[in-house]
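What follows is each chain in one-letter form.
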Amino acid sequence: MSTERTARGETDEQVGPGGRLEGTDELTAALDAAPPEPPRQHGPVGTGAAEGFRARRTLTVRAEAARQVTRRRTLVTAILLAALPLVLVGAFALGDDDASGAPDFVALATEGGANLALFTLFVATGFLIPLVVSLLCGDPLSSEASWSSLRYLLVSPVPRRRLLRSKLVVALVSSVIAVTELMVVAYLVGTLAYGTDPLVSPAGETFTTWGGIWRLAVATGAVLLGTLAFGGFAFFVGTRTDAPLAAVGSAVLLVVVSTVLDQIQALGDLREGLPTHYQYSWVELMQTDPVWDDLLRGALWALLWGVVAVRLGFWSFRRKDVLS
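Residues numbered from 1 in each chain as written. Predicted model: local features only at pLDDT ≥ 70, side-chain atom pairs only at ≥ 80, totals over all residues. Heavy atoms only, no water.

A. Here's a closer look at the overall build of the chain. When its secondary structure is counted, the chain shows 13 helices and 0 strands. For the chain, the sequential pattern of α-helices and β-strands runs α-α-α-α-α-α-α-α-α-α-α-α-α. Residue burial in the chain is summarised as follows: out of 324 residues, 40% are buried. Restricting the contact set of the chain to residue pairs at least 6 apart, pairs at least 24 apart contribute 74%. (Helix = DSSP H or I, 4+ residues; strand = E, 2+ residues; numbered from the N terminus. Buried < 20%, exposed > 50% of the residue type's maximum accessible area, 1.4 Å probe, protein only. Contact = heavy atoms within 4.5 Å.)

Set out below in structure tokens:
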């Protein structure tokens, strides 16, 4: 027994009756009498964040909008969209007046500002507008990764869900503003170049000024809804890559593949689910009694594509290791 106590560093003088170390009772009583140490709190209870942290104060929509507006990409896009109607007017001025064999939209483009706006929407629906929306939706997050600033945003800390939500809201609003800019500039330029003649449909029907304006507005909204599929897909790819060109290019590839598949008659009704199948359904609004069936089907399919792609983006980004 003495040898074991010696090996543990205990001496006979330190061990009291019953084999207890002397002073143990006093130490225990002192510990019991000490007030308990208050728990450390860092910010909101249970979050582990720093004191004063509030998730809703991080990367607000206003702050994200200010960041995107000041980018060179945004300025260049706005300039190019504003320049397109001027290019069209210049092309019509350089060409001849023989419109034989040309589509009706081309023949009517110089009949007034409303008709130039209608023609601009017609030529931009197939590629330009999907490209712009894909750029605005797919570039913001992948650019942060390519600049190696994404991880610093998350360390700030900006919650991942809030980061994606702010960028998505700004991207969608920017898309609406960009396409609206294109149509407004086309209407104004056309009015200055060709006068204030009312909108004339390809079928030869003439509408009042307000009748033409609301048809143009609804048609523009329909085109924007149709591009949700491409914008959502670009947003999803943007959460998986640090190359902005890959995010935008993948959405453009989706446009091309969908357009090609839509030409294959053997697919039958399966083509209705393609993102580009109802791209030009807004043309049916350009008559006295508008037909809404195809436009509503296209809007529902586009919403389905867009929601699924955005949900996949949120789901995948929450599980992604951000290294850049």
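B. View of the nonpolar core. Among the nonpolar cores identified, the biggest contains 32 residues, and Leu118, Leu121, Ile129 and Trp282 are the most heavily contacted of them. Broken down by secondary-structure element, the contributors of at least two residues to this core are helix H4 (72–94), helix H6 (113–125), helix H7 (128–146), helix H9 (160–194) and helix H10 (209–226). With 7 residues, the top contributor of residues to this core is H6. Dropping the residues within four chain positions of it, Leu118 is found in contact with Phe105, Leu199, Val200, Leu216, Trp282 and Met286. Ala145, Leu153, Val158 and Leu168 belong to the second-largest nonpolar core, a separate cluster that totals 14 residues. (Core = buried A, V, L, I, M, F, W, Y, C linked by side-chain atoms within 4.5 Å.)

C. Fine view of the environment of Arg161. On the secondary structure map, Arg161 appears in helix H9. The spacing of Arg161 and Arg318 is 157 residues in sequence and 7.5 Å in space, taken between C-alpha atoms. Not counting residues within four places of it along the chain, the set of residues in contact with Arg161 comprises Arg311 and Phe314.

D. Looking closely at empty space enclosed by the protein. Across all of its chains, the model carries 2 cavities of 30 Å³ or more by this definition. Within this model, the largest cavity holds a volume of roughly 210 Å³. Those elements that provide at least two residues to the lining of the largest cavity are H10, helix H11 (228–238) and helix H13 (293–318). Of the residues that constitute the lining of the largest cavity, the class distribution is 15 nonpolar, 6 polar and no charged. Volume-wise, the second largest cavity comes out at about 30 Å³. If you go around the second largest cavity, the residues you meet are Gln68, Arg73, Leu136, Pro140, Val170, Ala171 and Ser174. Contributing elements (two or more residues each) for the lining of the second largest cavity: H7 and H9. Element by element, the count of residues in the lining of the second largest cavity is highest for H9, at 3 residues. Among the residues forming the lining of the second largest cavity, the class breakdown is 4 nonpolar, 2 polar and 1 charged. (1 Å grid on protein atoms, 1.4 Å probe; cavity = no way out; pocket = protein on both sides within 12 Å on 5 of 7 lines; lining within 4 Å. Points joined across faces, edges and corners; volume = space filled by probe spheres on them. Nonpolar A, V, L, I, M, F, W, Y, C, P; charged D, E, K, R; others polar.)

E. Geometry of the pattern of salt bridges. Counting across every chain of the model gives 7 salt bridges. The salt bridge partner of Lys167 is Glu144, with a shortest N-O separation of 3.3 Å. Pair noted here: Lys167 is in helix H9 and Glu144 is in helix H7, with a separation of 23 residues, a long-range link. For the pair formed by Lys167 and Glu144, the shared burial category is buried. Salt bridges sharing common partners tie together Glu64, Arg67, Glu144 and Lys167. (Salt bridge = Lys/Arg side-chain N within 4 Å of Asp/Glu carboxyl O.)

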